[in-house]
Amino acid sequence: MPRVKNFNAGPAALPLPALERARDEFLDFAGSGMSVMEHSHRGKEYEAVHDEALALLRELLGVPDGYDVLFVQGGASQLFAQIPMNLVEKGRGADYLVTGAWGEKAFSEAKAATAMLGASARLAGTTGEGDGKEKRYVRAATAADLQVSPDAAYLHLTSNETIHGVQFAVDPARPFPDAGKVPLVADMSSDFLWKPVDVSRFGLIYAGAQKNIGPSGVVVVIVRKDLVAAGRKDIPKIFQLRTPAENKSLYNTPPTFGIYMIRNVLAWLKGLGGLPAMEARNRAKAGKLYGVIDANAGYYRCPVERESRSVMNVVFRLPTEADEERFVKEAKAKGMVGLKGHRSVGGIRVSTYNAVEPAWLDELCAFMQEFAKRG
């Protein structure tokens, strides 16, 4: 059967070459007579894949020597609690900058986790407007929105809000906020590796794989070694970041097939020219889509301020919910899936992650032009 054009927000599209490589190696990996999923995580066959994936991450991002690169489990949602459990000492606090639904969730978990440990989490700034389910987020934060405590253990932000379509540092003139000596912690789950990033600006970066670099079940963590060393030891060992750091992420059985697929995706990404080439590709895709939205402003409406419009998750509304339902239905009939907005905000959402092919955007944009004309 023909493959659809997959615009899902996560789990999301994977590059066809990465999938084809997995298909070709599925039953017999590296001439071993069995699948990579059947190999011991202590065996040389799997360990070679594991090491290659870690090395590719370091190479593509230019990760400095003073950082550990880890594979952990539990999703970014587990890291919402695990990060404050590791980094916030008793009597101290952590600061949170909230610019969307995932930032809200991270802050909520941090409050619960720190309360158990005699610490606290504080809202250092937010761009939310309104209350409850009606709260709107239409922009990333600026320095004017932020008040960082000088004694905070870290400042946490979500680099790209998948649901609201709000992204930090899209415009080079509006970079990530400066927290001074306070380590910056970023959930980059939905825009990891979309472009080059200066890792040294951050104390810790984490990203669930299932949106931009692989299948679900793996979280990449890039963390300063000094933060790992200073982390709390009065929490279970399995939740201490030093545990995967000291054991090359092989303390217990990792999600081997997920890491294998990440390796495949990273190799594909390197083959395309690395992160500078991927940034150009992604900006072109998003630019074309926003161009159609703006050219048909009487029919399509993007609620996000222009400087904060996400390159990864493009959100917009049509005149009525009935129009939106018809849009999703007709697009699906043409082989384009995953376009319905998140249930909490409605509308349309087009996820244009690394693996989304430019040709898919060409087809979607042509459909949108035609759909708007019909009204």
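Residues numbered from 1 in each chain as written. Predicted model: local features only at pLDDT ≥ 70, side-chain atom pairs only at ≥ 80, totals over all residues. Heavy atoms only, no water.

What exactly am I supposed to notice about the side chain of N86 here?
Within the element layout of this structure, N86 appears in helix α3 (residues 75-87). According to the relative accessible area criterion, N86 is buried, its value standing at 3%. Looking at N86, its side chain comes within polar contact range of the main-chain nitrogen of L241, at 2.8 Å. Residues in contact with N86, not counting those within four places in the same chain, are G231, R232, I235, F239, Q240 and L241. (Helix = DSSP H or I, 4+ residues; strand = E, 2+ residues; numbered from the N terminus. Buried < 20%, exposed > 50% of the residue type's maximum accessible area, 1.4 Å probe, protein only. Polar contact = N/O pair within 3.5 Å; in protein donor to acceptor, adjacent residues only side chain to side chain. Contact = heavy atoms within 4.5 Å.)

Help me understand a nonpolar patch on the surface in this model?
A grouping of F26, L27 and M37 is seen on the molecular surface, where their side chains present a nonpolar patch of about 320 Å² in accessible area. Along the chain, M37 turns up in the loop between α1 (16-25) and α2 (44-61). What makes M37 partly exposed here is its relative accessible area of 41%. (Patch = residues over 30% accessible without salt bridge, like charges linked within 9 Å, V, L, I, M, F, W, Y side chains within 5 Å. Areas by Shrake-Rupley, 256 points an atom, 1.4 Å probe, with all protein chains shown as cover. Salt bridge = Lys/Arg side-chain N within 4 Å of Asp/Glu carboxyl O.)

Would you take a moment to explain the state of the cysteines for this structure?
By definition, a disulfide links the sulfur atoms of two cysteine residues through a covalent bond. For the structure on display, the rule yields zero disulfides. C302 takes part in no disulfide bond, and the closest cysteine sulfur, belonging to C365, lies 13 Å away. (Disulfide = S-S within 2.5 Å.)

Whenever I open this one, the environment of L272 confuses me. Can you help?
Inspection of the secondary structure assignment puts L272 in the loop between α7 (256-271) and α8 (274-295). In this structure L272 comes out as partly exposed when scored by relative accessible area, which is 40%. Put simply, L272 and T158 are 114 residues apart on the chain and 27 Å apart in space, counted from C-alpha to C-alpha. Those residues in contact with L272 that sit more than four places away from it in its chain are A277, M278 and R281.

So what exactly am I meant to see when it comes to the sheet that holds strand β2 (residues 67-72) here?
Two orientations exist for strands paired in a sheet by backbone hydrogen bonds: parallel and antiparallel. Strand order in this open sheet of seven strands is β2-β10-β9-β8-β5-β3-β4, and the pairing throughout is mixed. Two strands bound the open sheet, and with one partner strand each, they are β2 and β4 (120-126). Between one strand axis and the next, the sheet turns through 20 degrees on average, direction left out of account. The sheet contact formed by strand β3 (residues 93-98) and β4 spans six bridges and is parallel. Paired with G93 across the two strands is S120, which belongs to β4. Running at roughly 155 degrees to β4, helix α4 (residues 101-116) makes contact with β3, β4 and β5 (155-158) of the sheet. (Pairing = 2+ DSSP bridges. Axes fitted to C-alpha atoms, helices over the stretch in contact; angles between N-to-C directions.)

Explain the pattern of salt bridges here, please?
Close approach of charged atoms lets side chains of opposite charge pair. For the structure shown, the criterion picks out 27 salt bridges. Across the pair R326 and E330 runs a salt bridge whose closest N-O atoms are separated by 3.7 Å. Here R326 and its partner E330 are both found in helix α9 (residues 321-333), four residues apart, which amounts to about one turn of the helix. Under the relative-accessibility criterion, R326 is labelled partly exposed at 26%. By sharing partners, the salt bridges in this structure join D323, R326, E330, E370 and R374 into a single network.

What is the right way to look at the pairing of β2 in this model?
In the case of a regular strand, side chains alternate between the two sheet surfaces. Of all six residues making up β2, six are buried, and the element is well covered by its neighbours. Residues of β2 alternate between two faces, with Y67, V69 and F71 on one and D68, L70 and V72 on the opposite face, all of them buried. Pairing of β2 with strand β10 (residues 219-224), which is carried by six bridges, proceeds in the antiparallel orientation. Note that in β10 the partner of L70 across the bridge is V221.

Mind showing me how you'd approach α2 here?
Residue pairs spaced three or four apart in an α-helix point in one direction, given the helix's 3.6 residues per turn. Taking 1.5 Å of rise per residue, 18 residues should cover 26 Å, and α2 covers 26 Å from first to last C-alpha, within 8% of that figure. The complete set of buried residues in α2 reads Y46, V49, H50, A53, L54, L56, L57, L60 and L61. Projected down its long axis, α2 shows its buried positions confined to an angular sector of 155 degrees, all on one face. On its buried face, α2 sits against β2, β10, α7 and α8. (Expected span 1.5 Å × (residues − 1). Arc of directions from axis to C-beta.)

I'm lost on the environment of T114 in this one. Help?
With respect to the secondary-structure elements, T114 resides in helix α4. Classification of T114 as buried rests on a relative accessible area of 1%. As for T114 and A94, which are separated by 20 residues in sequence, their C-alpha atoms are 8.7 Å apart. Leave out the neighbours within four places in its chain, and T114 touches P84, V88, A119, S120 and A121. Only 3.3 Å separates the side chain of T114 from the backbone oxygen of K111, close enough to count as a polar contact.

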